[in-house]
Amino acid sequence: MEWLKIVTSNELVRISTDEIVYILADGNYCDIMLANGTTHKMTFQLHYFEDYFKRLEKSSFYRVGRSVIVNKRHIRVINVTDKIIKFGGHTIADKVPSLRISKLGRDTLKELKQEMSEYEER
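Rules used in this analysis
Residue numbers run consecutively from 1 along every chain, following the written order of its sequence. Given that the model is predicted, a residue must reach a pLDDT of at least 70 before its local features are reported, and side-chain atom pairs must reach 80 or more before they are shown or counted; all residues, however, enter totals for whole chains, interfaces and linings. Only heavy atoms go into the side-chain values, all of them from the structure, while hydrogens and water stay out. Here a strand is any run of E in DSSP of at least two residues, a helix any run of H or I of at least four, and the numbering for each starts at the N terminus. We compute the radius of gyration from the C-alpha atoms alone; for a globule the expected value is 2.2 Å times N to the 0.38, where N is the number of residues. Only protein chains enter the accessibility calculation, which uses a 1.4 Å probe. A residue is then buried if its area is under 20% of the maximum for its type, exposed if over 50%, and partly exposed in between. Contact between two residues is taken to exist if any of their heavy atoms lie within 4.5 Å; hydrogens are not considered. Where accessible areas are quoted, they stem from the Shrake-Rupley method and a 1.4 Å probe; at the residue level, only the protein chains shown are allowed to cover. Every case where a carboxyl oxygen of Asp or Glu lies within 4 Å of a side-chain nitrogen of Lys or Arg is listed as a salt bridge.

Student: So what's going on with the overall build of the protein chain? Which residues, and what values?
Tutor: Secondary structure assignment for the protein chain yields 2 helices and 10 strands. Walking the protein chain from its N terminus toward its C terminus, one meets helices and strands in the order β-β-β-β-β-α-β-β-β-β-β-α. In summary, the protein chain has a C-alpha radius of gyration of 14 Å against a globular reference of 14 Å for 122 residues, a match within 12%. Viewed in the frame of its principal axes, the protein chain has a C-alpha envelope of about 45 × 30 × 30 Å. Expressed as a percentage of its 122 residues, the buried residues of the protein chain come to 43%. Across the protein chain, every contact between residues at least 6 apart in sequence was considered, and the portion connecting residues at least 24 apart equals 44%. Total accessible area on the protein chain stands at roughly 7,400 Å², and carbon and sulfur atoms take up 44% of it.

So, in structure tokens, the structure goes:
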């Protein structure tokens, strides 16, 4: 199991990467959505997480446009027409919302869809 470790001046946060469903950018902050439906707001920009996930041995994370990183392990539906990503599975709580990504072009979701069709969990 791999861990995302975030150290700030006030706290240390350790989150299993398997628990992360997606990370949504909000200016200089990011909201980390976990599989149990809870959210952690962190004072880091999205590129910090993207760089961190690239260094993982078995990364299942994919950056979707400028504002979202998704964990491919939790994706169940990609609807290119409606620009929606739905998450599910036995580890996902009902409280985890779908992502409606209105600012994305369809090509970006098509790329993710192609990536998912070739993706095999390790």
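So much for the structure itself; the text now carries on.
Student: For the pattern of salt bridges, give the residues involved together with the corresponding values.
Tutor: Scanning the model with the defined rule gives 5 salt bridges in all. Between Asp-31 and Lys-41 there is a salt bridge, and its shortest N-O distance comes to 2.9 Å. Taken as a pair, Asp-31 in strand β4 (residues 29-34) and Lys-41 in strand β5 (residues 39-42) lie far apart in primary sequence, 10 residues in all. By relative accessible area, Lys-41 is classed as partly exposed at 47%. In this structure, Glu-50 engages Arg-63 in a salt bridge whose closest nitrogen and oxygen atoms are separated by 2.8 Å. Separated by 13 residues along the polypeptide, Glu-50 in helix α1 (residues 46-54) and Arg-63 in strand β6 (residues 61-64) bring together distant segments of the chain. Glu-50 gets classed as partly exposed once you look at its relative accessible area, which sits at 21%. Linked by salt bridges that have partners in common, Asp-26, Asp-31 and Lys-41 make up one network.

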